[in-house]
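Working through the structure, step by step
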Amino acid sequence: MKLTKNLFLLCCLGLTTMLYAEQKRIMVMSDLHVLDTTLFDAQNTAPLLNDVKLGEHSAELLDSAVSYILASNPNYVLIPGDLSYNGEKASHLYVATKLAEIEANGISVYVVPGNHDVNNSSAKTYVSGKGQPTETITDMEFESIYGEFGYNEAVKTLDEGTDSMSYMAYLNKDIALIAVNSTVYKTNTGALTTGVLTFIKECAQEATKSGHNNLLLMSHHMIMNHVDDQSLLDPNHVGNQTEGYPALDEVYQALEEAQIHAVFTGHTHINSIAHLPQQSGDLYDISTGSLCAYASPIRTCVLETSTGDMTISSREITKYHAKEMDRISVLAQGAIRSASQKGTAAIAAFRTKIEAIPFIGPILAKDIPNPTEAELRQTIWDNMGKDLQKALQDFSRGDEDVYYADSTAYKNMLQATENFVLNFLGPELGAMLLAMDDQTIRSFTGGLDIKQFFASLYFNFVTINDEQVHTADASCTTLSDVNVQASQPSDIEDIETLKPVIKFIRDNQLMINVQGCTYTAAGQVLR
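Note that the coordinates shown come from a computational prediction; the quantities given were computed from them, not determined experimentally.

1. Things to note about the overall build of the protein chain
The helix and strand inventory of the protein chain stands at 15 helices and 21 strands. Per-residue burial for the protein chain yields a buried fraction of 56% across its 527 residues. The contacts in the protein chain between residues at least 6 apart in sequence include a share of 72% that link residues at least 24 apart. With an accessible surface of roughly 21100 Å², the protein chain has 49% of that area assigned to carbon and sulfur atoms.

2. A look at the side chain of Asp31
Mapping Asp31 onto the fold places it in the loop between strand 3 (23–28) and helix 1 (58–72). As a buried residue without a salt bridge, Asp31 has its nearest oppositely charged side chain in Lys53, at a separation of 8.5 Å. Reaching out from Asp31, the side chain makes a polar contact with the backbone nitrogen of His267 at a distance of 2.9 Å. Sequence-distant contacts of Asp31, defined by excluding residues within four places in its chain, comprise Gly81, Asp82, His220, Gly266, His267, His269, Thr288, Ser290, Leu291 and Cys292.

3. Digging into the packing of aromatic side chains
Applying the stated criterion across every chain yields a total of five aromatic pairs. Above the plane of the ring of Tyr85 lies Lys53, whose end atom (NZ or CZ) is 4.8 Å from the centre.

4. Focus: the pattern of salt bridges
Applying the stated criterion across every chain, the model contains eleven salt bridges. Residue Lys98 pairs with Glu101 through a salt bridge whose shortest N-O separation is 3.2 Å. Remark: Glu101 and Lys98 occur in helix 2 (residues 89–103); sequence separation between them is three residues, near one turn of the helix. Each member of the salt-bridge network shares a partner with another, and the members are Asp63, Lys98 and Glu101.

5. Quick look at the packing of helix 4 (residues 194–209) against helix 6 (residues 248–257)
Packing of helix 4 against helix 6 brings their axes to within 9 Å, and their N-to-C directions diverge by 15°. Between helix 4 and helix 6, the crossing angle belongs to the class labelled roughly parallel. In the crossing of helix 4 with helix 6, the sense of the turn from one axis to the other is right-handed. Each of Leu197, Ile200 and Lys201 in helix 4 lies in contact with helix 6, whose residues at this interface are Glu250, Val251, Ala254, Leu255 and Glu257. In terms of residue class, the contact of helix 4 with helix 6 is built from five nonpolar, no polar and three charged.

6. Looking at the environment of Asp31
Assessed through its relative accessible area of 0%, Asp31 is described here as buried. Linking Asp31 and Tyr85, residues 54 residues apart in sequence, is a C-alpha distance of 8.6 Å. A polar contact of 2.7 Å, which involves the side chain of Asp31, links it to the side chain of Ser30.

7. Quick word on the sheet that holds strand 14 (residues 262–265)
Hydrogen bonds between backbone atoms are what pair the strands of a sheet, whose relative direction is either parallel or antiparallel. Spatially, seven strands are ordered 8-9-10-13-14-16-15 in an open sheet, and the strand pairing comes out mixed. For this open sheet the edge positions go to strand 8 (156–160) and strand 15 (272–276), each flanked by a neighbour on one side alone. Shown here is a sheet whose adjacent strand axes are inclined to one another by a mean of 15°, direction ignored. Pairing of strand 15 with strand 16 (residues 283–287), which is carried by five bridges, proceeds in the antiparallel orientation. Across the sheet, residue Ala274 finds its bridge partner in strand 16, namely Asp285. In the packing of helix 4 onto the sheet, the strands contacted are strand 8, strand 9 (163–170), strand 10 (175–179) and strand 13 (214–218), and the crossing angle to strand 9 comes to about 15°.

8. A few points about the pairing of strand 18 (residues 309–316)
Two elements, strand 17 (residues 297–304) and strand 18, share seven bridges in a ladder whose sense is antiparallel. Its bridge partner being in strand 18, Thr300 is matched across the sheet by Ser313. From the end of strand 17 to the start of strand 18, which pair antiparallel, there are four residues, and Gly308 there has a positive phi angle of about 85°.

9. Notes on helix 9 (residues 373–397)
Compared with an ideal rise of 1.5 Å per residue, which puts 25 residues at 36 Å, helix 9 spans 31 Å between its outermost C-alpha atoms and falls more than 12% short. Maximal helix bending in helix 9 amounts to about 70°, located at Met384. One or two steps after helix 9, the chain reaches Gly398, where phi turns positive at roughly 60°.

10. Topic: the nonpolar core
Ranked by size, the top nonpolar core spans 56 residues in total, and within it Met29, Leu99, Val111 and Tyr146 carry the most contacts. For this core, the element with the highest residue contribution is helix 1, accounting for five residues. Contact partners of Leu99, with chain neighbours within four places excluded, come to Met29, Ile79, Leu83, Val109, Val111, Tyr146 and Phe149. By size, the runner-up hydrophobic cluster in this structure holds 28 residues, among which are Ile178, Ala258, Val263 and Leu283.

11. What to know about the pairing of strand 5 (residues 108–111)
The two faces of a sheet get side chains in turn, since along a regular strand they alternate between them. As judged from the four bridges shared by strand 4 (residues 76–79) and strand 5, these two strands associate in the parallel manner. Among the inter-strand pairings, Leu78 is bridged to a residue of strand 5, identified as Tyr110. Considered for its hand, the β-α-β crossover made up of strand 4, helix 2 and strand 5 is right-handed.

12. Remarks on helix 4
Between its terminal C-alpha atoms helix 4 stretches 23 Å, which fits the 22 Å expected from 16 residues at 1.5 Å a residue. All buried positions along helix 4 are accounted for by Val196, Leu197, Phe199, Ile200, Cys203, Ala204 and Ala207. Buried residues of helix 4, viewed axially, fall in a sector of 155°; they line one side. What points out from helix 4, more than 90 degrees from its buried face, is the exposed set Thr194, Gln205 and Lys209. Of the surrounding secondary structure, the elements contacted by the buried residues of helix 4 are strand 8, strand 9, strand 10, strand 13 and helix 6. At the exit of helix 4 stands Gly211, carrying a positive phi of roughly 90°.

13. Some points on the environment of Asp51
In this fold, Asp51 is placed in the loop between strand 3 and helix 1. As for Asp51 and Gly334, which are separated by 283 residues in sequence, their C-alpha atoms are 9.8 Å apart. For Asp51, the side chain forms a polar contact with the side chain of Lys53, separated by 3.0 Å.

14. Remarks on the environment of Asp309
Relative to the assigned elements, Asp309 resides in strand 18. Along the primary structure Asp309 and Gln23 are separated by 286 residues, whereas in three dimensions their C-alpha atoms are 9.7 Å apart.

15. With respect to unusual backbone geometry
Omega for the peptide link from Tyr294 to Ala295 comes to 10°, which places this bond in the cis form. Here the phi dihedral of Asn73 falls at roughly 55°; this positive angle occurs in a residue that is not glycine. The residue Asn73 is located in the loop between helix 1 and strand 4 in this model.

Calculation rules
Residues numbered from 1 in each chain as written. Predicted model: local features only at pLDDT ≥ 70, side-chain atom pairs only at ≥ 80, totals over all residues. Heavy atoms only, no water. Helix = DSSP H or I, 4+ residues; strand = E, 2+ residues; numbered from the N terminus. Buried < 20%, exposed > 50% of the residue type's maximum accessible area, 1.4 Å probe, protein only. Contact = heavy atoms within 4.5 Å. Areas by Shrake-Rupley, 256 points an atom, 1.4 Å probe, with all protein chains shown as cover. Lys, Arg positive; Asp, Glu negative; His and termini not counted. Salt bridge = Lys/Arg side-chain N within 4 Å of Asp/Glu carboxyl O. Polar contact = N/O pair within 3.5 Å; in protein donor to acceptor, adjacent residues only side chain to side chain. Phe/Tyr/Trp six-rings, centres within 6.5 Å; stacked < 30°, edge-to-face > 60°. Lys NZ or Arg CZ within 6 Å of the ring centre and 35° of its normal. Axes fitted to C-alpha atoms, helices over the stretch in contact; angles between N-to-C directions. Parallel < 35°, antiparallel > 145°, perpendicular 65-115°, else oblique. Left-handed = near helix turned anticlockwise from the far one by under 90°. Nonpolar A, V, L, I, M, F, W, Y, C, P; charged D, E, K, R; others polar. Pairing = 2+ DSSP bridges. Expected span 1.5 Å × (residues − 1). Bend = angle between axes of the 7 residues up to and from the residue. Core = buried A, V, L, I, M, F, W, Y, C linked by side-chain atoms within 4.5 Å. Right-handed = clockwise from strand over helix to strand, strands pointing away. Arc of directions from axis to C-beta.

Here is the structure:
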């Protein structure tokens with residue numbers, strides 16, 4: 001695998017070599033989130049403005065995408081779910097007419113549902129200026145509306161209870177697409193169930209027997225972390241994180257047995273590629289960002305059917321980038337709002353624990369702020385709001401590099417988090433907190449890992465539910481109603497004064513950095 005100067009990724013997928021060479025071009029767009037224009041008033045889009053999705057422009061963005069696809073003339077188009085804004089029947093019907101335009105030009109389209117598409121109680125019309133329930137669709141209706149886009153061409157289907165809307169289609173004599181529904185609608189989580197994994201392995205066996213040696217998988221939810229601790233910070237980002245479903249290791253084993261090396265996903269609205277080394281060949285999770293959120297990407301994948309090599313590039317629809325970045329600002333504020341609700345209780349618990357440290361505890365505790373929720377929200381915004389917005393922007397745009405945790409944007413966000421903790425708590429306590437192991441932090445903060453609490457601001461923007469989005473109050477847009485100064489550094493400078501803290505650290509096997517000295521579990525001072 002190599003990354004060229006033009007950010008084209010050559011993914012050697014390890015598929016079986018055949019005796020002749022042929023290229024097939026596959027375009028991917030995901031999370032269209034189309035809201036039919038009959039469901040809102042173009043002169044009053046206020047109900048839609050507190051959402052990452054540009055619902056008021058979603059139909060136009062799809063129109064632009066279709067025009068680009070027709071001009072590019074690929075062989076196939078894949079759409080890994082969330083075709084509708086929130087499952088509205090009218091939106092689905094409109095999307096189906098646009099996909100029919102693509103197929104009318106000889107380009108085959110294949111879809112799977114996402115978590116927004118079926119039996120969605122959030123399906124609403126906004127014509128009256130506020131959301132009112134509108135008709136949604138069932139799983140059977142989804143298969144019917146999108147019958148021409150995979151389901152009617154299926155050579156094998158899975159329609160058993162909750163394991164419905166999955167199928168396999170042969171794209172040509174060399175390529176088999178296994179398209180599976182990864183949404184567990186009762187809990188609105190993502191998982192490849194035991195039934196789906198069995199279905200994938202059965203499909204792979206049948207496809208290989210019939211000479212289809214290039215096996216592609218498509219599902220809505222990611223199957224890998226694309227940044228450090230992504231599944232830990234928010235289990236809904238990555239599938240199979242919910243108790244009662246196969247663990248990710250089981251998923252990876254099943255896909256390796258099936259000899260599947262490329263999975264096309266969406267859901268998180270980021271353009272990112274992750275990979276997992278495996279004995280039989282690396283596994284790639286190719287996630288495509290949302291068409292109606294920043295940066296409106298469309299992927300092009302060129303598959304060499306004789307070697308299994310795939311070259312992947314992305315292009316963006318830039319017309320509404322400015323508006324999309326404005327939405328990121330709103331989402332950054334919403335993420336801070338959501339996180340600060342937990343933060344006040346965690347800080348109070350942290351103060352109580354510090355006060356309990358013999359001798360020095362009460363002195364240290366007096367410098368720990370005691371903010372209200374609104375004050376904490378304002379302080380976070382003042383200290384790291386711009387960093388958060390920039391990180392969300394860069395993270396959403398992504399690139400063709402593998403494993404985005406190595407990106408500058410992600411590292412900058414973690415540095416901003418560390419700076420905020422040091423500024424908010426002061427250098428002594430801030431450094432102490434940042435250096436604690438996760439279990440100790442949770443014991444100090446009533447079960448909340450503050451490092452994860454701040455870092456999770458980075459991810460909350462894609463998990464704010466519709467109820468939170470549409471009830472966000474006006475103060476959330478400026479955060480200028482409260483003025484809070486960051487806490488001042490502690491006056492404690494004498495190392496001798498910190499000996500009780502050093503003993504506490506040694507007893508609890510911690511490692512921290514205070515005023516340039518590192519205290520190890522053995523209590524040594526390294527300069």
